[in-house]
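Coordinate analysis (summary)
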Amino acid sequence: MKSLLKKELSFYLNNPLGYIVIILFAVFANFMFVKDIFVVGSASMRPFFDILPWLLMIFIPALTMRMISEEKRTNTMEVLLSLPVSETQIVVSKFIAVWILTLIGFVLTLGLPISMYVLTGQVGGRIYLPEVFVGYLGELLLAASFIAISLFYSSLTKNQILAFLASVITIFFLIIFSTDFVAGVLPPVLQSVLNYLSPIVQLSNFVKGVIDIRSIFYFLSFTALFLFLTVVDLERRN
Amino acid sequence: MITVKNVTKQFGKTQAVNDVSFTAQKGEIIGFLGPNGAGKTTTMRLILGLIRPTQGEVLVNRLDPLAHRMETLQHIGYLPENNPLYGEMKVREYLSFVAEIKGVSNEEDVSTVIGQVDISEKAQAKIEELSRGYRQRVGLAAALLGNPHILILDEPTSGLDPIEQEKIKNLIKKTAKNKIIIFSTHILSEVEDIATRLVIVSRGTVVYDGDKPKRKGGVEKLFKKLVV
C-alpha cells in the first residue's frame, strides 16, 4: 500500500494542480478569517472553524474528483486491478493521500492561531490552545468524511466534473441540514433526524473544544461507510 | 494451468462470449485469433478475474481468479489492449511502482526487464513523451516483472511498425520457456511465427482449438475458412 500511497501523493506533489488547490485553500481560509477578525471583537478561532466546512466543500471534491474517475476513463484502473493489490488497498491509499494533502492545507493555516496566541498574550487574555487543537481535530475528521463521499462519487463516474458536482451538492445538503432555514421548512421529526446526520452539528462540540466520543464515532462510521461503498463499486465485476 | 470451461459472458443483451472452453498448459504459446468483437479481450479479462462470467468456470492454477484474486494475479503478467499507462510517471518510476506491488522490490529486477525490452535509454523519460513503440515495450516490461508463469498479452504488437513488431515477437519467443503465453493479434503471420497452438474465436464461440498448421500461410487459410 506504501507504493500506492507514494504514487497518489507524487501525482499531486509533482503537478501544479496539487499546489494550486492547497495554496488557494490556505489563502481563502486565512483571508476569510482575517477579514472579520476585528469585527468579531473576540479572540477565538471559532469563526475560522465555522468557515472551514464551506471551504472544504469545494476544495476536497476538487482534489478527489479525478482519483478514481480518471483511472476508469484512461483504463489504468484495469492495470491496477490486474496487479496483486486489493480494492481496499487502492481506495484506502487514495483516501490517505487526499487526507494528507488536506492536512498540509491545515498546516498552512496554523499562522492564525499562533499569531492570535502571541497577540492576545500581549493584552493578557491568551486564547486557549487545547480548544484550538480540538477544533483542528474535528475539522480533520470532517475532512475525512468529505473525502470518503467524494471518492465514492469519483468511483461512480468516468466524468471528473460530474463527480465534483455530485460531491459538492451532497456535502452542501449535509451542511445545510443543520441550518435554521431547513429547520423552518421541515417537520420537527425529520428535522431532528437530519440535524443528527449533519456533520456540522457533530463538529460543533469540537469547535467548542469538547472531544465528543459520539461525534468521533459518527465521523469514523460515516467515513468507513463511504469508503466501503467505494470498495464495493470497484469490486463489481460486471 | 488455465482452464476455461463453458464460459458465457453477457453484457446486458449482448453476448460477448458464448460457451467458450479451452485449456492452456505450461510451455504453450497460444495465438488467440478472431475478428473485432469476437470475444478475445473479454475472455482474457475473464481469465484475469477482471469480470465475472455469467455462466461457466475459469480456473488459474486450479483457483478461481475472482475468489483468489491475489494468489492468481501473483502469477500473471498482463498487457491490456491499448496499453494504458500513467503518463505522468517516468519509465523506471512506473516499473519500480509495479515491481513493489508485485513484491519484486529488487531494483536489479527492474533493470533486468528494462534491458530485456531494450528501453534503457528511455528509463528516465516521462511515459507520456514516449512513442507508441516504446510505450508498448514499457507495458510489456511491466507484465514481465516478477517473472510470472502466465503472460496474457492483448494485441501486443498493435499499431507498431514492422521493426518494433519483430522486436516484440522475438521478446515473446525468448521469454516463453516454461510459461503459458496467451496473446491476441490480428496479424496472422505473427501467429505463424510465435504460437505453438491456435484458438480461433468468432462471434463469442471457439471455432478452432488445436495445433498450428505446419504449412506457410496455413494459419491465414484456416482463419479465412472458419471466420471470413
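Residues numbered from 1 in each chain as written. Chains lettered and ligands numbered in written order. Predicted model: local features only at pLDDT ≥ 70, side-chain atom pairs only at ≥ 80, totals over all residues. Heavy atoms only, no water.

**Details of the domain arrangement of chain B**
Residue and element names in this part refer to chain B. To keep things clear, this is the line we draw: All domain edges in this entry derive from an automatic or database-based domain assignment. The contact criterion used is simple: two residues touch if any of their non-hydrogen atoms lie within 4.5 Å. When two components associate, each loses some accessible surface as probed by a 1.4 Å sphere; the sum of these losses over both components is called the buried area. Put simply, a salt bridge is a Lys or Arg side-chain nitrogen that is within 4 Å of an Asp or Glu carboxyl oxygen. Pairing of N or O atoms within 3.5 Å defines a polar contact, subject to two protein rules: one partner must be a possible hydrogen donor and the other a possible acceptor, and residues neighboring in sequence count only if both atoms are side-chain atoms.
Assigned domains within chain B: domain 1 (1–75 + 149–228) and domain 2 (83–148). One C-alpha centre belongs to domain 1, the other to domain 2, and the line joining them spans 23 Å. On the side of domain 2, 13 residues touch domain 1, which itself brings 18 residues to the contact. Of all residues in domain 1, Leu 151, Glu 164 and Leu 171 give up the largest surface area on contact with domain 2, accounting jointly for 30% of the area buried on that side. The interface formed by domain 1 and domain 2 contains one salt bridge. Across the pair Glu 164 and Arg 137 runs a salt bridge, and its minimum N-O distance is 3.2 Å. In this assembly, domain 1 and domain 2 are joined by six residue pairs in polar contact (both at pLDDT 80 or more).

**Quick notes on the interface of chain B and chain A**
Worth spelling out the cut-off: Helical segments are the DSSP runs of H or I of at least four residues, strand segments are the runs of E of at least two, and each set is numbered from the N terminus. Each residue gets one label: Ala, Val, Leu, Ile, Met, Phe, Trp, Tyr, Cys and Pro are nonpolar, Asp, Glu, Lys and Arg are charged, and the others, such as Gly, are polar.
On the chain A side, the residues contacting the 27 residues of chain B number 24 residues. Sorting the residues of chain B by area buried against chain A places B:Arg69, B:Tyr86 and B:Ile101 first, and these three jointly supply 27% of that buried surface. Where chain B meets chain A, there are three salt bridges. The partner of B:Arg69 in a salt bridge is A:Glu87, and the shortest N-O contact between them spans 3.5 Å. Seen at the junction of chain B and chain A, the total is six residue pairs in polar contact (both at pLDDT 80 or more). With seven residues, helix α3 (residues 91–102) of chain B is the single largest residue contributor to the side of chain B that touches chain A. In the side of chain B that touches chain A, the residues fall into 17 nonpolar, two polar and eight charged.

**Observations regarding the confidence of the model for chain B**
Operational definition: As a per-residue measure, pLDDT reflects the predictor's confidence and takes values from 0 up to 100.
Model confidence for chain B is summarised by a mean pLDDT of 87, while 100% of its residues fall at 70 or above. Helix α8 (residues 218–226) of chain B is the least confidently modelled element of chain B, averaging 78 in pLDDT, while strand β5 (residues 76–79) of chain B averages 93, the highest of any element.

**Quick notes on the packing of aromatic side chains**
The description of two aromatic rings rests on the distance between their centres and on the angle between their planes. Residue and element names in this part refer to chain A. Using the following cut-off: Only rings of Phe, Tyr and Trp enter the pairing, Trp through its six-membered ring, and a pair is recorded when the two centres are within 6.5 Å. The plane angle decides the type: under 30 degrees is stacked, over 60 is edge-to-face, the rest tilted. Working definition: with a 1.4 Å probe on protein chains only, accessible area under 20% of the residue-type maximum means buried, over 50% means exposed, and in between means partly exposed. By the criterion adopted, a ring carries a charge over it if an Arg CZ or a Lys NZ lies within 6 Å of its centre and within 35 degrees of its normal.
All told, the structure shown has 19 aromatic pairs over all chains when counted by the stated rule. Between Phe 206 and Phe 219, the ring centres sit 6.3 Å apart and the planes meet at 50°, which makes this aromatic pair tilted. In this pair, Phe 206 sits in helix α13 (residues 199–207) while Phe 219 sits in helix α14 (residues 213–235), placing the two residues 13 residues apart along the sequence. You'll find Phe 206 and Phe 219 in the same group, each marked buried. An aromatic cluster is present here, built from Phe 25, Phe 28, Phe 48, Phe 49, Phe 59, Phe 106 and Tyr 136 joined pairwise through their rings. If you follow Arg 66 out to its NZ or CZ, it ends over the ring of Phe 11, 3.6 Å from the centre.

**A few points about the packing of helix α1 (residues 2–13) of chain A against helix α2 (residues 16–34) of chain A**
All names here are of chain A. For clarity, the threshold we go by: Orientation is described by lines fitted to C-alpha atoms, with helices fitted over the stretch in contact, and by angles between N-to-C directions that extend from 0 to 180 degrees. Each angle is binned into one of four classes, with values under 35 degrees roughly parallel, values over 145 roughly antiparallel, values of 65 to 115 roughly perpendicular, and all other values oblique.
Viewed as axis vectors pointing N to C, α1 and α2 meet at an angle of 75°, and their least axial separation amounts to 5 Å. Classified by the angle between their axes, α1 and α2 sit roughly perpendicular to one another. On α2, the residues touching Phe 11, Tyr 12 and Leu 13 of α1 are Leu 17, Gly 18 and Tyr 19. Each residue belonging to the contact of α1 with α2 can be placed in one class, and the counts come to five nonpolar, one polar and no charged.

**A look at the confidence of the model for chain A**
Across chain A, the average pLDDT comes to 87, with 94% of residues at 70 or higher. Within chain A, helix α3 (residues 37–40) of chain A has the poorest average pLDDT of any element, 66, and helix α7 (residues 87–107) of chain A the best, 94.

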